[in-house]
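# Examining the three-dimensional arrangement
What follows is the residue order along each chain.
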Amino acid sequence: MAQHDRFHYKNLDELKEDMTRMGLDIPVSADVAVLSRPIALGERTIPNRLAINPMEGCDGTPEGRPSGLTRRRYRRFGGSGAGLVWYEATAVVNEGRANPRQLQINEETRGDIAATLEELRGAASAAGHGRPYSVLQLTHSGRYSRPGSTPAPVVAARNPFLDARFPEVRVISDEELEQLEEKFVSAAQAAAEAGFDAVDVKACHGYLLAELLSAHTREGRYGGSFENRTRLLCSIVDKIRDRLGEKITLAVRLGVYEQAPHPYAWGADKDDYHRPDYAEPARLVKLLWEKGVKLFGISAGNPYFNPHLTRPYDKGVYLPPVHPLEGVHLLLRAAQAMQAAAPEAVIMGAGLSWLRQFSPNVAAGCVEQGWLKIAGFGRLSIAYPDFAADLLKAGALDPKKTCLACSQCTTIMRDGGCAGCVPRDKEVYLPIYKKGREGKPPLESGRVAEHL
Ligand SMILES: Cc1cc2nc3c(=O)[nH]c(=O)nc-3n(C[C@H](O)[C@H](O)[C@H](O)COP(=O)(O)O)c2cc1C
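The present account deals with the structure reproduced in this document.

## Notes on the environment of G96
As for its placement among the helices and strands, G96 is situated in the loop between strand 4 (84-91) and helix 3 (110-126). A C-alpha to C-alpha distance of 8.8 Å links G96 and P153, two positions 57 residues apart in sequence. With residues near it in sequence (within four places) discarded, G96 still touches A91, T139, H140, S141, S145 and L208.

In structure tokens, the structure reads:
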């Protein structure tokens, strides 16, 4: 295990040397041409292998409609040149919103969300790019629900590590879980009517459907065995497929590793939870593929508990206990394990932004070696919205425009503001960042978190 360090590589060889020093077998390719290759998904073709990972902007209206800032973001994504845009977490019920500005999809908001899709496609076409493949992420925030000014957590199961944050948690009943199935299905129907190519039943980052996957201690139909813990996700997938058939492609953004001791973990080795054990997540990916899920976004960790796992960073609320390259390796290996479990599925990876201008080299290496089929970019895409166009045209990214992995985009969210890139989109987001920081303690970037 190597110690945390900040990004300092001047060329690809320096990066590769560090990978070798740390014993990390991350694929790297000097030639990034593979990223421009289209790939078929269902009835449609994704124009290239560069994608935008779902990123909440926390800038919707109180009813969950997109605002001017939301529309600006998706126009920029449309002009980015990325072949796939995975829309941010969008709640299926008001009580499951992670904040009062989270998007929500229903009969009332569907038309406004559809309008952002039109704008996105218009921007892509105006910039001369192919039609980006679009995915809408459906969510219930569970433990992290905060539809109003105060948290309103509902949890899949008690968890001594996570409950400390909200002592008043309520365990959601089996009946409530069952009723949620229909909410996801009608949200998926609204997504299909809005014109999305695919709908994602989100099961990552500690939100409700992800938390069920590790609900070993829960009693009843949704806890204990693998069948019970995966029941809700599988039933929702079955119902969407049965109701909508070919009208929409099924996707799942799946967290495959929760780093916590047994019986509170998912995808972790029971004897050493610092190591993944992908047997159950791989079994689930295979099962979901057989049920008709064609696209998977693979992620790990819980951004409220161990954010360095979800997004390797230089600076954040604590000093990561491992080198960010180890975090990148973990996320890519996770994608590789899921791609091996369902070789015909389209697996999209995450966690590349920390690599800055060298992220395409790693993305290309991973695609060439079959670790994943599509490279997802999160923070890089808000820092550098035309990253894909630059890469496809010039074969390289401009190092002056890349993400700095400074965590200010997430600090804004935790401070209750609208999320965006503070250093690279200063005019819009620096004032929001500064306002949110007023009266708050500085980021504790020197502290190594105790629970890790
Ligand atoms: C501001 C912000 C908002 C995010 N919102 C979402 C979200 O809505 N849904 C989701 O699945 N992941 C979300 N993520 C996680 C990203 O999709 C991605 O997995 C993560 O940033 C790591 O990829 P990267 O290294 O390319 O940034 C968010 C991340 C950030 C920084």
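Moving on, there is more to tell.
## Some remarks on helix 16 (residues 426-437)
For helix 16, spanning twelve residues, the distance from its first C-alpha to its last is 15 Å, which sits close to the expected 16 Å at 1.5 Å a residue. Looking at helix 16, one finds that the buried residues are Y429, I432 and Y433. Down the axis of helix 16, the smallest arc covering the buried residues is 100°, so these residues share one side. Exposed side chains of helix 16 directed beyond 90 degrees from the buried face belong to K426, E427, P431, K434 and K435.

## Looking at the site of the ligand
In the vicinity of the ligand there are 27 residues, among which N53, A89, S353, G378 and R379 approach most closely. If you list the elements that add at least two residues to the shell around the ligand, you get strand 4, helix 13 (379-383) and helix 15 (408-414). Ranked by residue count, the leading element in the shell around the ligand is helix 15, at three residues. For the shell around the ligand, the residue count by class is twelve nonpolar, nine polar and six charged.

## With respect to the packing of helix 9 (residues 279-290) against helix 11 (residues 324-341)
Across the interface, helix 9 lies against helix 11 with an axial gap of 8 Å and an inter-helix angle of 45°. The pairing of helix 9 with helix 11 is recorded here as oblique in orientation. Judged by the sense of rotation from one axis to the other, the crossing of helix 9 with helix 11 is right-handed. For the pair helix 9 and helix 11, contact is made by P281, A282, V285 and K286 and by A337, M338 and A341, respectively. A breakdown of the residues in the contact of helix 9 with helix 11 according to their chemical character gives six nonpolar, no polar and one charged.

What counts as what
Residues numbered from 1 in each chain as written. Predicted model: local features only at pLDDT ≥ 70, side-chain atom pairs only at ≥ 80, totals over all residues. Helix = DSSP H or I, 4+ residues; strand = E, 2+ residues; numbered from the N terminus. Contact = placed C-beta atoms within 7 Å. Expected span 1.5 Å × (residues − 1). Buried ≥ 20, exposed ≤ 12 C-beta atoms within 10 Å, placed from the backbone. Arc of directions from axis to C-beta. Near = placed C-beta within 6 Å. Nonpolar A, V, L, I, M, F, W, Y, C, P; charged D, E, K, R; others polar. Axes fitted to C-alpha atoms, helices over the stretch in contact; angles between N-to-C directions. Parallel < 35°, antiparallel > 145°, perpendicular 65-115°, else oblique. Left-handed = near helix turned anticlockwise from the far one by under 90°.

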